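# Architecture at a glance
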Amino acid sequence: MNAAGAVWDGLTRGWGVDHPAMLALLLLAVLPLLATPFRRRGIAATSLIPDDPLSRIMGVGLRLAGVVAMVALVLGLAGLHRREQSVEREGTGAHLVLLLDRSSSMDNSFAGRAPTGDQESKSAAAKRLLAEFVARRPHDRIAVAAFSTSPMPVLPLTDHHEVIDAAIDAIDRPGLAFTDVGRGLALAFSSFAEDTDEASRAVLLVSDGAALIDRRVQEALRDAAARTPLHLYWLFLRTRGAQGIYDVPASGDDSAQANPERHLHLFLQSLGLPYRAFEATSPEAVAQAITEIDRQETRPIRYAERIPRRDLARPAFLVAALAVALLLAAKLAERQLRPAGRRPAGATPLPAVDLRRAA
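Residues numbered from 1 in each chain as written. Predicted model: local features only at pLDDT ≥ 70, side-chain atom pairs only at ≥ 80, totals over all residues. Heavy atoms only, no water.

## Regarding the overall build of the protein
Looking only at helices and strands, the protein features eleven helices and eleven strands. The proportion of buried residues among the 359 residues of the protein is 37%. Of the roughly 21200 Å² of accessible surface on the protein, 58% is carried by carbon and sulfur atoms. (Helix = DSSP H or I, 4+ residues; strand = E, 2+ residues; numbered from the N terminus. Buried < 20%, exposed > 50% of the residue type's maximum accessible area, 1.4 Å probe, protein only. Areas by Shrake-Rupley, 256 points an atom, 1.4 Å probe, with all protein chains shown as cover.)

## Some thoughts on the environment of Gly209
Here Gly209 shows up in the loop between strand E7 (201-207) and helix H7 (215-227). Take Gly209: its relative accessible area is 8%, and that puts it in the buried class. In the structure, Gly209 is positioned 104 residues away from Ser105 in sequence and 8.5 Å away in space, judged by C-alpha atoms. With sequence-adjacent residues up to four places away left out, Gly209 is seen in contact with Asp101, Thr179, Trp234, Phe236 and Glu261. (Contact = heavy atoms within 4.5 Å.)

## Let's talk about the environment of Thr291
Structurally, the position occupied by Thr291 is in helix H9 (residues 283-296). Judged by its relative accessible area of 46%, Thr291 falls in the partly exposed class. Between the C-alpha atoms of Thr291 and Phe133, which are 158 residues apart in sequence, the distance is 7.6 Å. Only 2.8 Å separates the side chain of Thr291 from the backbone oxygen of Ala287, close enough to count as a polar contact. (Polar contact = N/O pair within 3.5 Å; in protein donor to acceptor, adjacent residues only side chain to side chain.)

## Describing the packing of helix H3 (residues 53-78) against helix H10 (residues 313-332)
Put simply, H3 and H10 touch, their axes get as near as 8 Å, and they point 150° apart. Considered as vectors, H3 and H10 are oriented roughly antiparallel to each other. Crossing of H3 against H10: the hand is left-handed. Contact residues: H3 offers Leu62, Ala65, Gly66, Val68, Ala69, Ala72, Leu73, Gly76 and Leu77, while H10 offers Ala313, Ala316, Phe317, Val319, Ala320, Ala323, Val324, Leu326, Leu327 and Ala330. Of the residues in the contact of H3 with H10, the class split is 17 nonpolar, two polar and no charged. (Axes fitted to C-alpha atoms, helices over the stretch in contact; angles between N-to-C directions. Parallel < 35°, antiparallel > 145°, perpendicular 65-115°, else oblique. Left-handed = near helix turned anticlockwise from the far one by under 90°. Nonpolar A, V, L, I, M, F, W, Y, C, P; charged D, E, K, R; others polar.)

## Points about the pairing of strand E6 (residues 151-158)
Pairing of strand E5 (residues 141-147) with E6 involves five bridges; the strand directions are antiparallel. When the sheet's bridge partners are listed, Val144 is paired in E6 with Leu155. Taking the residues between adjacent antiparallel strands as the criterion, E5 and E6 are bridged by three residues. (Pairing = 2+ DSSP bridges.)

## Remarks on the packing of aromatic side chains
Under the criterion given, the structure shown has two aromatic pairs. Taken together, a centroid distance of 5.1 Å and an interplanar angle of 50° make the contact between Trp234 and Phe236 tilted. A single burial state applies to Trp234 and to Phe236, both of which are buried. (Phe/Tyr/Trp six-rings, centres within 6.5 Å; stacked < 30°, edge-to-face > 60°.)

## Quick look at the packing of helix H4 (residues 122-135) against helix H5 (residues 161-169)
Two elements in contact, H4 and H5, have axes whose closest approach is 9 Å; the angle formed by their N-to-C orientations is 165°. As judged from the angle between their axes, H4 and H5 are roughly antiparallel. In the crossing of H4 with H5, the sense of the turn from one axis to the other is right-handed. Residues Lys127, Leu130, Ala131 and Val134 of H4 pack against His161, Ile164, Asp165, Ile168 and Asp169 of H5.

## A few points about the sheet that holds strand E2 (residues 80-82)
An order of E1-E2-E11 is seen for the three strands of this open sheet, with the pairing classed as antiparallel. With one partner strand each, in any of the chains shown, strand E1 (15-17) and strand E11 (310-311) form the two edges of the open sheet. In terms of strand pairing, E2 meets E11 through two bridges, oriented antiparallel. Its bridge partner lying in E11, His81 is registered against Asp311.

## Considerations on the confidence of the model for the protein
Here the protein averages 80 in pLDDT, while 81% of its residues score no lower than 70. When mean pLDDT is compared element by element in the protein, H10 scores highest at 92, while helix H11 (residues 355-358) scores lowest at 40. Confidence over residues 352-359 falls short of pLDDT 50; this stretch has nine contacts with residues more than four positions distant or in other chains. (pLDDT = per-residue confidence, 0-100.)

## Looking at the pairing of E7
For E7, the buried fraction is high: seven of the seven residues fall into the buried class. Residue alternation in E7 divides its side chains into two sets, Arg201, Val203, Leu205 and Ser207 and Ala202, Leu204 and Val206, and both sets are buried. As judged from the six bridges shared by strand E4 (residues 95-101) and E7, these two strands associate in the parallel manner. Looking across to E7, one finds that Leu99 is bridged to Leu205. Handedness of the crossover joining E7 and strand E8 (residues 231-237) through H7 is recorded here as right-handed. (Right-handed = clockwise from strand over helix to strand, strands pointing away.)

Written out as structure tokens, the structure reads:
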């Protein structure tokens, strides 16, 4: 491509028209330079006309108004628009996967029973606080996944926060009976398989319990953790009175079957990833934990801001209308000079007109 072609491509890269064939009518824009709608009177001797720069400027301005009117009208008919663009910007944030427990126990309150009065279920509290969390992080790319009897992909990594809000809004729908957290984590890890950006990655697990993880699933998770560097957070919504993930039985059975939440915590610690668990027994504790996660995941990030297409046909028609209105006003203000000797019969005589000044 030659230099002229490169310059033209640079000037028009962000612009487009819906009907390119209409651009041929731009040739009509030369008409105001060749003709005028105003009356033209011959002057016998130009020496009679004093120098009048204002009139010359007005004449040039009216011709340019005609050119602008024609160009704007043609561009409006052609469907002028600003193309959709992607602008790279810098901010703070991360690539996050929200992994949400959709087991039926999430429909209970933190007291372990169906919510009554002004009580919130665990899922409702999580929905409200996660929506606030996402609203504070406009530059994040976020995916949403869920699990109960089986893992459920809800939304891939995206920066469209309206879609993310809709996915979060659905997490308090009635859940199922079981909690297959192992395959849910495998699904969350796989969400980064095609993510090539050099951004901080994190998985936020929101669950009120755990279950046994099959040995094969454990090995798959270890392999995924080795291949996918990320930060792992577990927001454990503990029912009041239930055993916590940090509670070591003083005596008795400390097996994974008896204490699945504690052993899930130990397993996540063994993955070799930056990992932190938050134990919450109330909506206020959940809010504090999410605020801490928000504070930790504030690293520099480059993100692409999408600027949507902008139609410019209406602004073009508006410019054309203003230019035509200016020409119309000038035409209506036009007056013809009449010498004193050519007054109509019976008209009141007027003083003689100095043609040099009138011109």
